[in-house]
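The lines below spell out each chain.
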Amino acid sequence: MIPTRAHHVAFSVQDLERSRRFYEGVLELEPLPRPDFGIAGMWYRAGDVQVHLIARPEGAAAPAPAGAMSPIANHVAFGIDDYAKTLEQLRARGAEVLEMRPGIGPQMWIQDPDGNVIELTAVREG
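Residues numbered from 1 in each chain as written. Predicted model: local features only at pLDDT ≥ 70, side-chain atom pairs only at ≥ 80, totals over all residues. Heavy atoms only, no water.

Q: Mind showing me how you'd approach the sheet that holds strand β7 (residues 107-111) here?
A: Note on sheets: strands pair through backbone hydrogen bonds, and any given pair is parallel or antiparallel. Taken in spatial order, the four strands line up as β5-β8-β7-β6 in an open sheet, and their pairing is mixed. Of all the strands in the sheet, just β5 (75-80) and β6 (98-100) have a single pairing partner and so form its edges. Pairwise comparison of adjacent strand axes, ignoring direction, gives a mean angle of 25° for this sheet. Relative to β7, β6 runs antiparallel, the two being bridged by three bridges. Considered in β7, the bridge of Glu 99 is made with Met 108. Where helix α2 (residues 83-92) meets the sheet, its contacts fall on β5, β6, β7 and β8 (117-122), and the angle it forms with β7 comes to roughly 25°. (Pairing = 2+ DSSP bridges. Helix = DSSP H or I, 4+ residues; strand = E, 2+ residues; numbered from the N terminus. Axes fitted to C-alpha atoms, helices over the stretch in contact; angles between N-to-C directions. Contact = heavy atoms within 4.5 Å.)

Q: Help me out: how do you make sense of helix α1 (residues 16-26) in this one?
A: Given 3.6 residues per helical turn, the α-helix brings residues three or four places apart onto the same face. What α1 keeps buried is the set Leu 16, Ser 19, Phe 22, Tyr 23 and Val 26. When α1 is viewed along its axis, its buried side chains cluster within an angular range of 145° and face the same direction. Buried residues along α1 sit in contact with β1 (8-13), β3 (41-46), β4 (49-55), α2, β7 and β8. Taking the backbone nitrogen of Glu 17 as reference, a side-chain oxygen 3.2 Å away marks Asp 15 as the first, capping residue of α1. (Buried < 20%, exposed > 50% of the residue type's maximum accessible area, 1.4 Å probe, protein only. Arc of directions from axis to C-beta. Polar contact = N/O pair within 3.5 Å; in protein donor to acceptor, adjacent residues only side chain to side chain.)

Q: Any chance you could explain the packing of aromatic side chains here in plain terms?
A: Aromatic ring pairs: the centre-centre distance and the angle between the two ring planes describe each pair. Using the criterion set out here, one finds four aromatic pairs in the structure. When the centroid spacing of 5.0 Å and the interplanar angle of 85° are considered together, the rings of Phe 22 and Tyr 23 count as edge-to-face. Since its relative accessible area comes to 0%, Tyr 23 is described here as buried. (Phe/Tyr/Trp six-rings, centres within 6.5 Å; stacked < 30°, edge-to-face > 60°.)

Q: Can you help me understand the side chain of Asn 116 in this one?
A: Mapped onto the secondary structure, Asn 116 falls in the loop between β7 and β8. At a separation of 2.9 Å, a polar atom in the side chain of Asn 116 contacts the side chain of Asp 112. Excluding residues that lie within four positions of it along the chain, Asn 116 makes contacts with Phe 11, Ser 12, Ile 110 and Gln 111.

Q: I'm lost on the sheet that holds strand β2 (residues 30-32) in this one. Help?
A: What the four strands build is an open sheet, ordered β1-β4-β3-β2; its pairing is mixed. Whereas interior strands pair on both sides, the edge strands pair on one side only; in this sheet they are β1 and β2. Going from strand to strand, the sheet's axes swing by 30° on average, the running direction of each strand aside.

Q: Can you walk me through the nonpolar core in this structure?
A: Ranked by internal contacts, the top residues of the largest apolar core, which has 26 residues, are Tyr 23, Leu 27, Val 51, Leu 90, Ile 118 and Leu 120. Ranked by residues supplied to this core, first place goes to α1 with four residues. Other than its neighbours up to four places away in sequence, Leu 27 contacts Phe 22, Leu 90, Ile 110, Ile 118 and Leu 120. (Core = buried A, V, L, I, M, F, W, Y, C linked by side-chain atoms within 4.5 Å.)

Don't take any of this as a statement about function, it's just geometry.
Printed below as a string of structure tokens:
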């Protein structure tokens, strides 16, 4: 079997409310209904992919953070329609942005409050 599409990405988060403010306020993701699994969390829609935030229970070990924001860090990538507008909105919301414009297209990277690296890349039709 070969996967045909991504369904969701999941991030373990320390502070669910802080992460909610980032994913809703900075990235403007749409919240989705989430079943009660007995562990706090949030689900969001990002195009055809879901983003699942899972609150780490008290005393649970945190995964190793990505460290410095870098395009070679493990990361998730989301397509964006307007590079300049997205960059302007992120900066206005206080997000630290790493920009690189290699020959294959405009890309930028940000980190969520737990250090997870997120790439935003302009999607070109054609």
